[in-house]
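Listed below are the residues making up each chain.
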Amino acid sequence: MKSQDVRKQFLDFFKSNGHLIVPSAPIVLKDDPTLMFNNSGMAQFKEYFLGNGTPKSPRIADTQKCLRVSGKHNDLEDVGFDTYHHTMFEMLGNWSFGDYFKKEAINWAWQLLTEVYKIPKENLYVSVFEGSKEDNVPFDQEAWDIWKTLIDEDRIILGNKKDNFWEMGDQGPCGPCSEIHVDLRSEEEKAQVSGKSLVNNDHPQVVEIWNNVFMEFNRKADGSLEKLPAQHVDTGMGFERLCMALQGKTSNYDTDVFTPLIEKVEQITGLKYTSDEIKNISEEQNKTNIAIRVVVDHVRAVAFAIADGQLPSNTGAGYVIRRILRRAIRYGFTFLGTKEPFINKLVEVLANQMGEFFPEIKSQQQLVTNVIREEEASFLRTLDQGLQLLDNVIAQTKGSEVSGAKAFELYDTFGFPKDLTALILKEKNMSFNETEFDASMQEQKNRSRAASEVSTEDWSVLIPGNVETFVGYDKTENEVKITRIRKVDSKKDGILYQIVLDNTPFYPEGGGQVGDKGTLVSANETIEIIDTKKENNLILHFAKQLPENIEAGFVAKVNTDLRGSTSKNHSATHLMHLALRNLLGTHVEQKGSLVNPNYLRFDFSHFSKVSDEELRQVEASVNAQIEAQLQLVEHRNIPIKEALDKGAMALFGEKYGDNVRMIEFGESKELCGGIHVKNTAEIWHFKIISEGAVAAGIRRIEAITGDAVKDFYQNQENTLSEIKETLKNPQDILKSVASLQDDNAKLKKQIEQLLKEKIGALKSELEKDFQQINGVNFLAKQVDLSMASTKDLASALGSSKADSFVFLASIEDGLPNIHCYIAKELVTAKNLNANAVIKELGKYIEGNGGGQPFFASGKGKNAAGIAEALGKAVEFVK
């Protein structure tokens, strides 16, 4: 059975049983501060389990793209080494929100597996929760009794809290679960060892394929459990593992989920992947297999993340994506012999394979390919740089063991992998101190953990059952009551309080727009709101203190100055998006944005630099729309199909509901939940202040509006006045500046001529100081020249005599520099190396450098060390 059919049969089965089929949410989460990525099927439904929202249907089924590479669920280091862990995977799931419970969930699971997919019943085992005295949760008798009607009792396993009690996190909805495991071993292996004994013991062919979670509790901050108001079902079945079972394979990578990608890697590298079914393979082949598994797994995770709007970067979710990709590049570099970008060539295969069900990978194929190709090229350059740095470390190491701290520095600062360092050192009969490396790694993790550590108390609910309302589109001031509060303590921000209001004018951060600030005012006090965010469908107002009387009535007041500036920048972003598409083409799509009171930042897909003339045209277009005084047309709650039919732009990577908000300014039509001006005239003026590359095929524009533009032009005018004053107020300032440039060019030529004459005179003078030592013309001197001129002089002196060894030093801007020239015949005959000379003598000036065997240069910090370096130079020719 093909993987596409496996997916389709799952969804068709649950559709026939009254479930609404919904699309996968983006793999990258934008409006959930507690998670970077969708790491489970239930992540997009958290608000329903918490009772903060109402689902479109009480029964839902889907297949969700998941990524597990950070936090509690982190499978990254397992990927490649076994046959069933993945970074990105699909989670097939069926959900009940206060509707059916254990009986239906278990019976449907069994029916689908054994009657639709026709998995032999004798290959299946199930588990139920044995109970927990600690949590005062009894043995799950109900699940046991249901399973007894479907399967022999000797195939039902009791599971402990670790295996059979599922929790969303340290706090939140949780409950006992019932897992289904499949035994894929041969009949001979089954006869020797019972599959029952291998369940939950990390056996590669006895694996869990489906987990039915029965959500009935809420874990509180103190660790205790309380009953949820309603009972829910949350199930998850690993798509890749299911395909393995249905296709008669013993490895996920032998299924058609991965084989097209593997075949492409084989074609590119000329290497062969061996199936997991082949035993006793060589160590070399095993390394090849692991590397190919890493590459084909990781390209899926990276490609879908980029398609969903997350570019590789040095922070947050972008850093995780970059780290995954670099792990794949490194395995290819080390074990597949790929010294040029190649992973980007797999994107086309992936798009053809999965584009029908996940259209985003098809529509974003070119962008994903470009970004991965550029990232590959960049990291391969970093690997080359790392190799040079490692050479330097080796040269400075006495003995055969490199410092673990140095190896960690290579890893941490330059991204140079630990195992590649070990491999290169092994080839030179060396190693590094792993204990020191691990200590440095742990120290960094501790620092990182301490910086991000957050403790969150339980909600204190003041008004139960209240559903909050956002009124910020119409109001900036409103009478409110506090419905719930909780305390949050973090190393980064200290103690803060999160406040939820019954109806709020404060806009929560989202869609690129920052959250509102303002105040809560009662008869007796004023509480400052420093930020507003959304979490699990609750709008959270952040304050450094709570009101003395939290049950009082308040007036919520948004800071309208900040709100006004932000709304101008947000509306200008829409106008600019339209202008870019009209000017550059409809391939331009938003790939990220930031809208705050000070400026706007807009990332978009485009294949080349936007020229100065094009930027002027974009500015002119936006300002024309501002001058046209376009009225805001807001469709606050219309069906998404109607909005798209009207021409509204929907962004990849965004999660939209059935009903959406559509914003129109003339021809500009976008789906958007943010705050906007009522008329474009309010923006006053638009000015682009920068344009540049973010990644391959992604450009970034930063711009300003309103008062910021006034300030910009005022600063320009002040700068111009200062220039005029410095130039003694000439009548024609441009002519005066041009004259200065001409004078400067003439003076530069004169200085260059004087330098040539000085170098020539020095060369003639120093040629007399050469010494004959062991058949070598040796010279070591300090000169009074710039670094560049000293380098030229060393080369000229070296070329003036046969068999020469020249070592020169000088000081520029207080910093020492050194240069070594060695005649090429000496490099060969006497095994001399200018690179090694600079590395050794660079120690005396607290510096380093490098170059070719016949010429190398270095720079340092300690000018006082020059004399000793000059004195030691002669030892190389003695």
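Residues numbered from 1 in each chain as written. Predicted model: local features only at pLDDT ≥ 70, side-chain atom pairs only at ≥ 80, totals over all residues. Heavy atoms only, no water.

K.L.:
Would you mind going over a nonpolar patch on the surface in detail, with residue names and values included?
P.N.:
On the surface, a nonpolar cluster with roughly 250 Å² of combined accessible area is contributed by Leu747, Ile751 and Leu755. By the secondary structure assignment, Ile751 is in helix H21 (residues 733–766). (Patch = residues over 30% accessible without salt bridge, like charges linked within 9 Å, V, L, I, M, F, W, Y side chains within 5 Å. Areas by Shrake-Rupley, 256 points an atom, 1.4 Å probe, with all protein chains shown as cover. Salt bridge = Lys/Arg side-chain N within 4 Å of Asp/Glu carboxyl O. Helix = DSSP H or I, 4+ residues; strand = E, 2+ residues; numbered from the N terminus.)

K.L.:
So what's going on with the sheet that holds strand S35 (residues 804–812)? Residues and values would help.
P.N.:
An order of S33-S34-S35-S36-S38-S37 is seen for the 6 strands of this open sheet, with the pairing classed as mixed. Where the open sheet ends on each side, the last strands, each with one partner, are strand S33 (771–773) and strand S37 (848–851). This sheet shows a mean twist of 20° between the axes of neighbouring strands, independent of strand direction. As judged from the 4 bridges shared by S37 and strand S38 (residues 855–859), these two strands associate in the antiparallel manner. Of the residues in S38, the one forming a bridge with Asn848 is Lys859. (Pairing = 2+ DSSP bridges. Axes fitted to C-alpha atoms, helices over the stretch in contact; angles between N-to-C directions.)

K.L.:
Before we move on, could you go through the pairing of strand S9 (residues 172–183) and cite the residues and values that matter?
P.N.:
For S9, the tally of buried residues reaches 12 of 12 residues, placing the bulk of the element in the interior. Sheet topology places strand S6 (residues 124–129) next to S9; 3 bridges connect them, and they run antiparallel. What sits directly across from Tyr125, in S9, is His181. Where strand S8 (residues 165–167) meets S9, 3 bridges bridge the pair, whose relative direction is antiparallel. Looking across to S9, one finds that Phe165 is bridged to Pro176. With antiparallel pairing between neighbouring strands as the criterion, S8 and S9 make up a hairpin whose turn holds 4 residues. Of the pairings in the sheet, the one linking S9 to strand S10 (residues 206–219) comprises 10 bridges and is antiparallel in character. Looking at S10, one finds that Val182 is bridged to Val207. (Buried < 20%, exposed > 50% of the residue type's maximum accessible area, 1.4 Å probe, protein only.)

K.L.:
Explain the packing of helix H9 (residues 283–307) against helix H10 (residues 316–336) to me, and be specific about the residues and the numbers.
P.N.:
In the contact formed by H9 and H10, the axes pass within 9 Å of each other and the chain directions differ by 150°. Put simply, H9 runs roughly antiparallel to H10. Along this stretch, H9 crosses H10, giving a crossing that reads as left-handed. For the pair formed by H9 and H10, the contact residues are Lys287, Thr288, Ile290, Ala291, Ile292, Val294, Val295, His298, Ala301, Val302 and Ala305 on the first element and Ile321, Ile324, Leu325, Arg327, Ala328, Tyr331, Phe335 and Leu336 on the second. Among the residues making up the contact of H9 with H10, the classes are represented as 15 nonpolar, 2 polar and 2 charged. (Parallel < 35°, antiparallel > 145°, perpendicular 65-115°, else oblique. Left-handed = near helix turned anticlockwise from the far one by under 90°. Contact = heavy atoms within 4.5 Å. Nonpolar A, V, L, I, M, F, W, Y, C, P; charged D, E, K, R; others polar.)

K.L.:
Describe the nonpolar core, and please don't skip the residues or the numbers.
P.N.:
Counting residues in each nonpolar core, the largest one holds 115 residues, and the members touching the most others are Tyr117, Trp210 and Leu242. Counting residues per element, this core draws most heavily on H9, at 14 residues. Excluding residues that lie within four positions of it along the chain, Leu242 makes contacts with Val6, Leu92, Leu113, Tyr117, Ile119, Ile209 and Met237. Among the nonpolar cores identified, the runner-up in size contains 26 residues, and Ala572, Leu575, Leu580 and Ile683 belong to it. (Core = buried A, V, L, I, M, F, W, Y, C linked by side-chain atoms within 4.5 Å.)

K.L.:
Outline the environment of Ala422, supporting the account with residue identities and numerical values.
P.N.:
Assignment of secondary structure puts Ala422 in helix H15 (residues 418–427). Ala422 sits in the partly exposed class, given a relative accessible area of 29%. On a C-alpha basis, the gap between Ala422 and Phe432 in space is 7.0 Å, while along the polypeptide they are 10 residues apart.

K.L.:
Lay out the environment of Val461 with the relevant residues and their values.
P.N.:
Mapped onto the secondary structure, Val461 falls in strand S15 (residues 460–461). Assessed through its relative accessible area of 43%, Val461 is described here as partly exposed. Sequence separation of Val461 and Ile482 is 21 residues, and the distance between their C-alpha atoms is 9.0 Å. Filtering out sequence-adjacent residues up to four positions away, Val461 remains in contact with Thr483 and Arg484.

K.L.:
Before we move on, could you go through helix H22 (residues 787–800) and cite the residues and values that matter?
P.N.:
When the terminal C-alpha atoms of H22 are compared, their 20 Å separation across 14 residues agrees well with the 20 Å that a helix rising 1.5 Å per residue should span. Buried within H22 are the following residues: Ser789, Thr790, Leu793, Ala794, Leu797 and Gly798. Taken around the axis of H22, the buried residues stretch over an arc of 165°, which confines them to a single face. Facing away from the buried side of H22, by more than 90 degrees, are the exposed residues Ala788 and Ser799. Here the buried face of H22 lies against H21, strand S34 (776–782), S35, strand S36 (815–822) and S38. (Expected span 1.5 Å × (residues − 1). Arc of directions from axis to C-beta.)

K.L.:
Could you give me a rundown of the environment of Gly494, with the residues and numbers involved?
P.N.:
Among the secondary structure elements, Gly494 is positioned in strand S19 (residues 494–501). Through-space distance from the C-alpha of Gly494 to that of Phe665 is 42 Å; in sequence the pair is 171 residues apart. Not counting chain neighbours up to four residues away, the residues in contact with Gly494 comprise Val488 and Asp489.

K.L.:
Pulling in residues and values, what's your account of the packing of aromatic side chains?
P.N.:
Across all of its chains, the model carries 31 aromatic pairs by this definition. Judged by centre distance (5.4 Å) and plane angle (50°), the rings of Phe129 and Phe165 are tilted. Placement of Phe129 in strand S6 and of Phe165 in strand S8 is noted, with a sequence separation of 36 residues between them. The same class applies to Phe129 as to Phe165, namely buried. Site record: aromatic cluster; members linked through ring pairs are Phe10, Phe13, Phe14, Tyr100, Trp108 and Trp210. (Phe/Tyr/Trp six-rings, centres within 6.5 Å; stacked < 30°, edge-to-face > 60°.)

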